[in-house]
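Results of the structural survey
Listed here are the chains, written in short residue letters.
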Amino acid sequence: MYEPIRAKSVHSTVDGPNPDFPHRSREEELDIQLAGHLAALLAVTDELRASQSSADLDTAAERLAEQVGRLRGGHAPARVSGTRRERSPAALHRRAHTLAGRALVVAASRADTAAAILAAERMDAHTAALEPRELASR
């Protein structure tokens, strides 16, 4: 009923791991993923800071930059200052909340307490920023 496989598989090697191909551990992959989520959250935070100045957002941006730098081996994240895309603050807060949630999931999986606490705090802050707007629109 089935024809036997006659060619070598392209998905696995018989010789073992190829030294020419870089392999990363699960922890390294999670570090990369977490740094990406936090960097995206930092970009949205910077965009919010451009539209509404706040000491909380300034502190959050610095803490996020510190965590991204730590996860990237000391390399500071690229940041653009003074940009504004003219998105509504509510949309930015929703986007930031989503990104913080993703970062929280990866940080919990990685057992990174500092990043998990920061992500949870940012989720709370963005939820609080959205609540008055949503109540006023009802």
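Quantities reported herein were computed from a predicted structural model and do not represent experimental measurements. (Residues numbered from 1 in each chain as written. Predicted model: local features only at pLDDT ≥ 70, side-chain atom pairs only at ≥ 80, totals over all residues. Heavy atoms only, no water.)

Notes on the environment of Asp56
Tracing the sequence through the fold places Asp56 in helix α2 (residues 55–71). Measuring from C-alpha to C-alpha, the distance between Asp56 and Arg122 comes to 9.9 Å, with 66 residues separating the pair along the chain. Dropping the residues within four chain positions of it, Asp56 is found in contact with Arg122 and Ala125. (Helix = DSSP H or I, 4+ residues; strand = E, 2+ residues; numbered from the N terminus. Contact = heavy atoms within 4.5 Å.)

Some points on the pattern of salt bridges
Oppositely charged side chains can form a pair if their charged atoms are brought close together. In this structure the tally under the stated criterion is 8 salt bridges. With a closest N to O distance of 2.7 Å, Glu29 and Arg24 form a salt bridge. Residue classification places Arg24 among the exposed positions, given a relative accessible area of 54%. Notably, a salt bridge pairs Arg49 with Asp46, separated by 2.9 Å at the nearest N-O pair. One end of the pair, Arg49, and the other, Asp46, are both in helix α1 (residues 26–51), 3 residues apart, so they sit about a helical turn from each other. Accessibility expressed as a relative area gives 27% for Arg49, which makes it partly exposed. In the salt-bridge network here, residues are joined through shared partners; they are Asp31, Arg70, Arg110 and Asp112. (Salt bridge = Lys/Arg side-chain N within 4 Å of Asp/Glu carboxyl O. Buried < 20%, exposed > 50% of the residue type's maximum accessible area, 1.4 Å probe, protein only.)

Quick look at the nonpolar core
Grouped together as the largest cluster of nonpolar side chains are 27 residues, with contacts concentrated most on Leu34, Leu38, Leu41 and Leu64. Where this core is concerned, the elements lending two or more residues are α1, α2, α3 (89–110) and α4 (113–136). Here this core takes 9 residues from α1, the largest share from any one element. Not counting chain neighbours up to four residues away, the residues in contact with Leu64 comprise Leu38, Leu41, Leu42, Thr45 and Leu118. (Core = buried A, V, L, I, M, F, W, Y, C linked by side-chain atoms within 4.5 Å.)

With respect to the packing of α1 against α2
Axis separation between α1 and α2 bottoms out at 9 Å; the angle between their running directions is 155°. Classified by the interaxial angle, the pair formed by α1 and α2 is roughly antiparallel. Here α1 and α2 pass one another in a crossing that is left-handed. Of the residues in α2, those in contact with Asp31, Leu34, Ala35, Leu38, Ala39, Leu41, Leu42, Thr45, Asp46, Leu48 and Arg49 of α1 are Leu57, Asp58, Ala61, Leu64, Ala65, Gln67, Val68 and Leu71. When grouped by side-chain class, the residues that make up the contact of α1 with α2 number 13 nonpolar, 2 polar and 4 charged. (Axes fitted to C-alpha atoms, helices over the stretch in contact; angles between N-to-C directions. Parallel < 35°, antiparallel > 145°, perpendicular 65-115°, else oblique. Left-handed = near helix turned anticlockwise from the far one by under 90°. Nonpolar A, V, L, I, M, F, W, Y, C, P; charged D, E, K, R; others polar.)

A few points about the environment of Ala107
Following the sequence through the fold, Ala107 ends up in helix α3. In this structure the C-alpha to C-alpha distance between Ala107 and Gln33, which are 74 residues apart in sequence, comes to 9.4 Å. When near neighbours in sequence (up to four residues on either side) are disregarded, Ala107 contacts Leu34, Asp112, Ala115 and Ala116.

Some points on unusual backbone geometry
Even without a glycine there, the phi angle at Ala111 is positive, about 65°. Secondary-structure assignment places Ala111 in the loop between α3 and α4.

Structural notes on the packing of α1 against α3
Relative to each other, α1 and α3 sit at 160°, their axes nearing to 9 Å. Taken together, the axes of α1 and α3 are roughly antiparallel relative to one another. In this structure, α1 crosses over α3, and the sense of that crossing is left-handed. Looking at side-chain class alone, the contact of α1 with α3 contains 15 nonpolar, 4 polar and 6 charged residues.

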